[in-house]
Amino acid sequence: MEAGKNIKNAVVNKAELSLRLPKLVEAHPRGQQVLHILTTQARPLWPETELEVPIATLSSKMGAALRSAHNAGHVVRSLESAEHMLAAEERGLGLVDRHSGVPRGVRVSRLLVLADDGAERFYRQVERLLRRYGPRVLAVRLDADADALGELLFGTNGRARLLMLNHKEAVSAFLLAMTDP
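**Student:** Residues and numbers for the nonpolar core, please.
**Tutor:** Counting residues in hydrophobic clusters, the biggest one holds 34 residues, and the most contacted among them are Leu165, Phe174 and Leu175. When residues of this core are traced back to their parent elements, those giving at least two are α3 (31-40), α4 (60-71), β4 (110-114), β5 (137-142), α7 (146-154), β6 (162-165) and α8 (168-177). With 6 residues, α8 is the single largest residue contributor to this core. If we skip the residues at most four places from it in the chain, Phe174 touches Met62, Ala65, Leu66, Leu111, Val113, Val140, Leu142 and Leu165. Membership of the second largest hydrophobic core comes to 21 residues, among which are Leu51, Phe122, Val126 and Tyr133.

If you want it as structure tokens, here you go:
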């Protein structure tokens with residue numbers, strides 16, 4: 001029994017070491033708590049995958065962080081819009097890397113906030129995005145449906161199955177809000 005626990009702790013510690021959060025989160029006093037939450041409170045994205053994503057209960061502080069990001073213009077709504085933006089950013093980053101000749105460090109800079117009522121096909125598409133854009137994109141699945149998530153930002157008729165935070169300060173604010181009870 002103890003050996004199994006040690007193996008699980010080793011896997012969690014390895015995950016914590018490989019996840020590079022925004023510098024604002026890493027430097028924050030609650031940064032380690034964020035990292036711990038992200039690596040220990042996870043479940044498979046959909047039933048037949050090994051890819052796990054952090055899960056969280058939507059708190060008022062997380063809602064406030066989403067509204068603030070939306071008001072600042074740092075929210076992209078829908079899987080398709082997020083995919084287009086990530087592809088464009090990847091092309092731009094590739095050009096900059098080729099011109100500079102210096103390899104770029106990779107940190108989480110985009111956050112996919114997912115509702116919990118999507119179809120399996122939707123989550124398979126999210127997985128494809130996460131695998132393609134790797135360590136710079138992180139997903140968090142909330143225990144809220146698309147109506148509740150959309151209502152936070154778009155009113156009573158605004159469904160949102162996926163919101164992407166596309167600015168490091170918005171990502172940091174949301175991640176830090178996850179540590180509040």
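Now that the structure has been shown, the text picks up again.
**Student:** Break down the packing of aromatic side chains for me, citing the residues and quoting the values.
**Tutor:** A full pass over the atoms with the stated rule returns 1 aromatic pair. Their ring planes at 70 degrees and their centres at 5.0 Å tell us that Phe122 and Tyr123 sit as a pair that is edge-to-face. Like Phe122, the residue Tyr123 is buried in the burial classification. The ring of Phe154 carries the charged tip of Arg77 above its face, separated from the ring centre by 3.8 Å. Seen from the ring of Trp46, Arg124 lies directly overhead, with NZ or CZ sitting 5.9 Å from the centre.

**Student:** Can you break down the confidence of the model for the protein chain residue by residue, with the values?
**Tutor:** On average, residues of the protein chain score 87 in pLDDT, and 83% of them are at 70 or above. Note that residues 1-17 has pLDDT below 50 and, in this model, 6 contacts with residues that lie over four places away or in other chains.

**Student:** I'd like a description of the packing of α4 against α7, backed by residues and values.
**Tutor:** Close contact between α4 and α7 brings their axes to 9 Å; oriented N to C, the two are set at 50 degrees. One finds that α4 runs oblique with respect to α7. Classified by chirality, the crossing of α7 by α4 is right-handed. Between α4, through Gly63, Leu66, Arg67 and His70, and α7, the contact on the second element is made entirely by Leu149, Leu152, Leu153 and Phe154. Partitioned by chemical class, the residues of the contact of α4 with α7 number 5 nonpolar, 2 polar and 1 charged.

What counts, and at which threshold
Residues numbered from 1 in each chain as written. Predicted model: local features only at pLDDT ≥ 70, side-chain atom pairs only at ≥ 80, totals over all residues. Heavy atoms only, no water. Core = buried A, V, L, I, M, F, W, Y, C linked by side-chain atoms within 4.5 Å. Buried < 20%, exposed > 50% of the residue type's maximum accessible area, 1.4 Å probe, protein only. Helix = DSSP H or I, 4+ residues; strand = E, 2+ residues; numbered from the N terminus. Contact = heavy atoms within 4.5 Å. Phe/Tyr/Trp six-rings, centres within 6.5 Å; stacked < 30°, edge-to-face > 60°. Lys NZ or Arg CZ within 6 Å of the ring centre and 35° of its normal. pLDDT = per-residue confidence, 0-100. Axes fitted to C-alpha atoms, helices over the stretch in contact; angles between N-to-C directions. Parallel < 35°, antiparallel > 145°, perpendicular 65-115°, else oblique. Left-handed = near helix turned anticlockwise from the far one by under 90°. Nonpolar A, V, L, I, M, F, W, Y, C, P; charged D, E, K, R; others polar.

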